[in-house]
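# Structural overview for review
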Amino acid sequence: MLEDSLTDEDRLVFDLAFARLASGPMDAVELADEIRTGSAELAHLADIGADELVDDLIDILTRTDRFWVTPAEVIWRADVLLDGVVLTHRLGGREVVDGAIEICPDTEMIDFDIDHDEDLLIDGRVVALELDLADRWHAWSLPGGLPSEVAAGDLIGLRRRGAGIVLEHGPELEAAVAAGGGPEPALLAALEETLAEVGARGIGLEATQIVMGVLADHPDLLRAPTIPLTELLDAAGADRKGDFFGPADVDWELPGARFARQMKADLFRRWSFDPCCEEAFEVACESWSGHATATPSSHEVGEVRRALAHGAVSLALFEFVGPGVDIERWESWLTPLTDTVRRDAAPALYLLGRALERAGRIVAAEEWFERALLADSDFSPPLESLGVLAFERGDLARAISLLGRASPPGRPHPMIEMLEYLSPPVVEVGRNEPCPCGSGRKFKVCHRGRPLDVGDDTSAAKLLLHKATTHLHRREAQVHEELLWALDDDAIERLEYDDLVGDIALFEAGVFERFLAARTEVLPAAEVAEGRRWLETPRRLFEVVGVEAGEWLDLLDVTSGDTHHVVERSGSAGVEVGDYLLLRVVGPEDGSGEGPAAIGVVTKVPMRARESLLAVIDDGAGPYALVRWWSAVTAPPALRNRHGDELVFCELTIDPGVDEDSTRAILDALWGAGAPGPVDERDTWHWNEPAREGSTEMLVVARVDLVDGEVRASTNSERRADDVLGALGAVLPEMRVVVDERTPFDEAAAELEAAGPKEGSGMIDPAEAPPEVQEAMRAYMRELEENWIDEPLPALDGMTPRDAVQDPTRRGDVERILASFVVRDDDLGMDPGRIRGLLGLDG
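In this convention, every chain numbers its residues from 1, walking through the sequence in written order. For a predicted model such as this one, the threshold for reporting local features is a pLDDT of at least 70, and the threshold for listing and counting side-chain atom pairs is 80 or more; totals across whole chains, interfaces and linings nevertheless cover every residue. The side-chain quantities take in all heavy atoms of the structure and omit both hydrogens and water.

### Here's the deal with the overall build of the protein
Secondary structure elements follow DSSP: runs of H or I no shorter than four residues count as helices, runs of E no shorter than two count as strands, and numbering proceeds from the N terminus. Looking only at helices and strands, the protein features 34 helices and 25 strands. Seen along its three principal axes, the alpha-carbon backbone of the protein occupies a region of about 95 × 95 × 55 Å. Throughout this description, buried means an accessible area under 20% of the type-specific maximum (1.4 Å probe, protein chains only), exposed means over 50%, and partly exposed covers the range between. A burial count over the protein gives 43% of its 843 residues as buried. Two residues qualify as a contact provided that any one of their heavy atoms is within 4.5 Å of a heavy atom in the partner residue. In the protein, the proportion of contacts linking residues at least 24 apart, taken out of those at least 6 apart, comes to 60%. Counted as positive: Lys and Arg. Counted as negative: Asp and Glu, with His and the chain ends omitted from the count. Taken as the charge location is NZ of Lys, CZ of Arg, CG of Asp or CD of Glu. Charge-centre separation for the protein: the mean point of 79 positive side chains lies 7 Å from the mean point of 164 negative side chains.

The structure is reproduced here in structure tokens:
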């Protein structure tokens, strides 16, 4: 299944490669060349270097297991490579009893390219995936069980046929294996060669990785039944560690070992561990690893308990084991550490709570946090966790108190300021006076010590959104990071703290839905109900048709045509009629309440981005698509020339390879007779092209000079520079490029700014120009106005203003563009009034 992070272009590349490789493998360079010439939509890839294009291609194809790429960059379609392969496996007793086939090194390769969310067919039956992490049991469960005649110790075969698997068993299979006379020599030799490469790298590989690599180089192997893969690897001289293999005669380590060392080093640096902290961490880590792998540990319970209580070791260890920790094993390791009344039991109690919280068992986790606090009232981690839970329950006063206790002296917890802002104002009420909430009960038995809504705008919706955002930053920050990773470095820096990206992580990326499901036990019922309605409401594009700044918005849904009157104080500031807004509008439940409300971030959408946003929304508005769209909208505008090329200042110097007179004649033939320069008598030619197809307006796209026998060309885009080189190369076969300097506009501008202004180069105000110059400027502006109405505009999605006014759905867009023009009193600029007349908009 393709990753959601693939762009539409990536998907096109993926599909073209999948189709092209149906008949067999291809070299990556050859495949990349065929792909970029195989679709008009990918023609622009011709501008990308071969090495970069191959790297991009391999990155796209290896995001799934649909392809296999060899070290020599030969690419196979995995299903083509595996078709006809047969693997054998000796059945265990549990497999026979359960009617299942264990997923182990002998068998796991057979469904290499089939995703878990697809149906796996064995003998036409859809098998179920069994996962028992505690017993390390992964198996395919067959409906109806295994054939009745098979028993423990029997050999079965799994033969790949297309996207399905055929189960082979019985005397015929045993005879076929015996007839082979043992492992095929070519297969053993290929395995031995691969194991030697593993030894040279020093990192073990899984059986699947080893055998897929062997098959890619020797696709005729494993087409007849032979002994199981683990026995084949043993015969080839392999050593096994868990599910990984390497040569028996060379020291090698598991793939995660180096990663674990690096992760520990990063942890130690981030937590500012000194040597004694690192030593304590290693004690705790070795104890947990030994328990997780059923390997006896040399560390006593008391020693491990003290190690966990050392500084921030418990917090660092929980981060180190990661979200995939087996809760039952984790609990069985920690429970003996909690069997004491000593203060140093608090970290183990807290870690039990953290694991339960991660598993969604919030109330049980809260109980363990309370027990940790009873063991050590000064231990800050459970104070912080309980403070967050109090916030989620709506008890802001207790949350502030707990987080205040968790804060080191002089460093208030970062959540406290937010909680104080959200807290309702303090109400001075006597204990025995009637409660201000109107319940009729005394204050001491009603709202004393609990939040009291006294009519401010701290609504359930506002609180819920803050709670969910806090959860995102504290518990699922990686989701936000993954959205940014789909962008380039400049966009990541620009959008790292962008409100809309965070809102997309919450809603489109599923964080809010998971938060609501996990926190249902502690969130107030009204907030849970409100949150469920939010999940049913997609983000939409609205046009502002009425506004009272700081009060309300009247919004027209661009897609459905529905209108909404939304009370929105902050989001209505700075908004004008005609603006476009991206937001969620949630109506009142059962017709109650003030009216529809805007939920989350209210984002103003530039008119030029309207159509592209509607395309994203129509396509399902996935999180990556939305973030990429927003990145494009917020990107600094790229300055372009009249032909639409991005400005890059290019300077070329070329040795033509012929004498000066011959060069002059060739340049005359290309671009007309040269004219001597006024100062240094250089020969100069200008390459002119129409401003657009069918236009009589000519633009200078390149200046070419002949100086001391050399051809020197300057232009303002890389495309134009390449055109100059191509034109000269066609008539000067012996030419040699001496200088090819290409400077992006922003770099050139920075260099000019650093150099400072040249004497006599300052600009003057047009109003101070001589009368004859002003008159020439006015004539030029009239010409620009006449040309502008027939120019394709990005803000009109490539339509010209003349065409747009003929479309009732786009006429308003033209009006808004004209309204944005600056009108000069001296008539020395483009006049929107005259343009309206040219477009027939006066009436």
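### Brief notes about helix α27 (residues 623-634)
In this model α27 runs 16 Å from its N-terminal to its C-terminal C-alpha over twelve residues, within 8% of the 16 Å that 1.5 Å per residue would give. Turning to α27, its buried residues are P623, Y624, L626, V627, W629, W630, S631 and V633. Turning to α27, the residues buried within the fold contact α21 (477-485), α22 (489-495), α23 (499-506), β18 (580-586), β19 (597-605) and α26 (610-618). Multiplying one less than the number of residues by 1.5 Å gives the expected span of a helix.

### Focus on the sheet that holds strand β4 (residues 86-90)
The strand order β4-β10-β11-β6-β7 describes an open sheet built from five strands, whose pairing is mixed. Each having just a single partner strand, β4 and β7 (125-126) make up the two edges of the open sheet. Each pair of strands is called paired provided DSSP finds at least two bridges between the two strands. Looking at chain direction, strand β10 (residues 155-161) and strand β11 (residues 164-169) are connected through six bridges and run antiparallel. Its bridge partner being in β11, R160 is matched across the sheet by I165. Each of β10 and β11 touches helix α6 (residues 171-179); the most contacted strand, β10, lies at about 85° to it. Between N-to-C directions, angles span 0 to 180 degrees; the directions come from axes that are lines fitted to C-alpha atoms, helices contributing only their stretch in contact.

### Quick notes on the environment of A359
Among the structural elements, A359 can be located in the loop between α15 (346-358) and α16 (362-375). A relative accessible area of 44% places A359 in the partly exposed class. Along the primary structure A359 and E710 are separated by 351 residues, whereas in three dimensions their C-alpha atoms are 73 Å apart.

### Section: the sheet that holds strand β1 (residues 26-27)
In spatial order, the strands read β1-β3-β2; together these three strands make up an open sheet with antiparallel pairing. For this open sheet the edge positions go to β1 and β2 (67-69), each flanked by a neighbour on one side alone. Relative to strand β3 (residues 74-77), β2 runs antiparallel, the two sharing three bridges. Within β3, the residue paired with F67 across the bridge is R77.

### Description of the side chain of R36
Checked against the element boundaries, R36 lands in helix α2 (residues 28-37). Apart from the residues within four sequence positions on either side, R36 is in contact with L42, A43, L45, A46, I48 and L53.

### Here we look at the pattern of salt bridges
A pair is scored as a salt bridge if a Lys or Arg side-chain nitrogen falls within 4 Å of a carboxyl oxygen belonging to Asp or Glu. Under the counting rule described, the total for this entry stands at 46 salt bridges. Here D831 makes a salt bridge to R834, at a shortest N to O gap of 3.5 Å. A single salt-bridge network, built from bridges that share partners, covers R354, E357, E392, R475 and R519.

### Quick look at the pairing of strand β9 (residues 137-141)
Buried residues dominate β9, accounting for four of its five residues. Strand direction decides the pairing type here: strand β5 (residues 100-102) and β9, joined by three bridges, are antiparallel. Residue pairing across strands places A100 opposite S141, the latter belonging to β9.

### Structural notes on a negative patch on the surface
Together, D27, E30, D51, E52, D55, D56 and E73 line one region of the surface with negative charge. Ranked by residues supplied to the negative patch, first place goes to helix α3 (residues 50-61) with four residues. Tracing the chain through its elements places D27 in strand β1. Among the residues examined, D27 registers a relative accessible area of 32% and is labelled partly exposed. A residue counts toward a patch only above 30% relative accessible area and without a salt bridge, and it is joined to like-charged neighbours within 9 Å or, for Val, Leu, Ile, Met, Phe, Trp and Tyr, to nonpolar neighbours within 5 Å. Only the protein chains shown count as cover for residues, and all accessible areas are computed by the Shrake-Rupley method using a 1.4 Å probe.

### Focus on the pairing of strand β16 (residues 552-557)
Across a regular strand the side chains alternate sides, sitting on one face of the sheet and then on the other. Residues L553, L555 and D557 of β16 are buried on one face, while the alternating residues W552, D554 and L556, pointing to the opposite face, are not. For strand β15 (residues 540-548) and β16, the ladder comprises six bridges, and the chain directions are antiparallel. Within β16, the residue paired with V547 across the bridge is L553. Adjacent in sequence and paired antiparallel, β15 and β16 are bridged by three residues, among which G550 carries a positive phi angle near 80°. As paired elements, β16 and strand β17 (residues 563-567) share five bridges and run antiparallel to each other. Residue pairing for β17: L556 is matched across the bridge by T563.

### A word on the side chain of T194
Mapped onto the secondary structure, T194 falls in helix α7 (residues 185-201). Since its relative accessible area comes to 15%, T194 is described here as buried. In this structure, T194 is in contact with I210 and V214, ignoring residues within four places of it in sequence.

### Some remarks on the nonpolar core
Ranked by internal contacts, the top residues of the largest apolar core, which has 62 residues, are F281, L308, L317, W330, W333, L334 and F391. Apart from residues lying up to four places away in sequence, W333 is in contact with A284, S287, W288, H291, V304, L308 and L317. We define the nonpolar core as a collection of buried residues of types Ala, Val, Leu, Ile, Met, Phe, Trp, Tyr and Cys that are connected through side-chain atoms lying within 4.5 Å of one another. In this structure, L495, L613, L614 and V627 belong to the second largest nonpolar core, which totals 54 residues.

### Some words on the packing of helix α24 (residues 511-519) against helix α25 (residues 525-535)
Helix-helix packing: each pair is described by the crossing angle between the helix axes and the interaxial distance. At a minimum axis distance of 10 Å, the contact between α24 and α25 shows a crossing angle of 150°. Taken together, the axes of α24 and α25 are roughly antiparallel relative to one another. As α24 packs across α25, the resulting crossing turns out to be left-handed. Residue-level inspection shows F512, E513 and L516 of α24 in contact with α25, the latter providing E527, V528, G531, R532, W534 and L535. Three classes are used, and their members are as follows: Ala, Val, Leu, Ile, Met, Phe, Trp, Tyr, Cys and Pro are nonpolar, Asp, Glu, Lys and Arg are charged, and the others, Gly among them, are polar. Residues of the contact of α24 with α25, tallied by class, amount to five nonpolar, one polar and three charged. In these notes the angle categories are as follows: under 35 degrees is roughly parallel, over 145 is roughly antiparallel, 65 to 115 is roughly perpendicular, and the rest is oblique. Less than a right angle of anticlockwise turn of the near helix away from the far helix marks a crossing as left-handed, whereas a clockwise turn marks it as right-handed.

### Description of the environment of L472
Structurally, L472 can be placed in helix α20 (residues 460-475). The sequence separation of L472 and V511 amounts to 39 residues, and the corresponding C-alpha distance is 6.8 Å. Beyond its immediate chain neighbours, meaning those up to four positions away, L472 contacts A477, G502, A505, L506 and V511.

### Focus on the packing of aromatic side chains
Side-chain rings of Phe, Tyr and Trp (the six-membered ring for Trp) are treated as a pair once their centres are within 6.5 Å; stacked means planes under 30 degrees apart, edge-to-face means over 60, and tilted covers the remaining angles. For the coordinates displayed, the defined rule picks out 19 aromatic pairs. For the pair F18 and F67, a centre-to-centre distance of 6.0 Å together with 90° between the ring planes defines the contact as edge-to-face. On the criterion of sequence distance, the pair formed by F18 in helix α1 (residues 8-20) and F67 in strand β2 is long-range, its members being 49 residues apart. The exposure class of F18 is partly exposed, given its relative accessible area of 28%. Residue class for F67 comes out buried when judged on its relative accessible area of 3%. Centroid distance F507 to F512: 5.1 Å. Interplanar angle 35°. Geometry classified as tilted.

Limitation: the analysis is restricted to geometry and does not speak to function.
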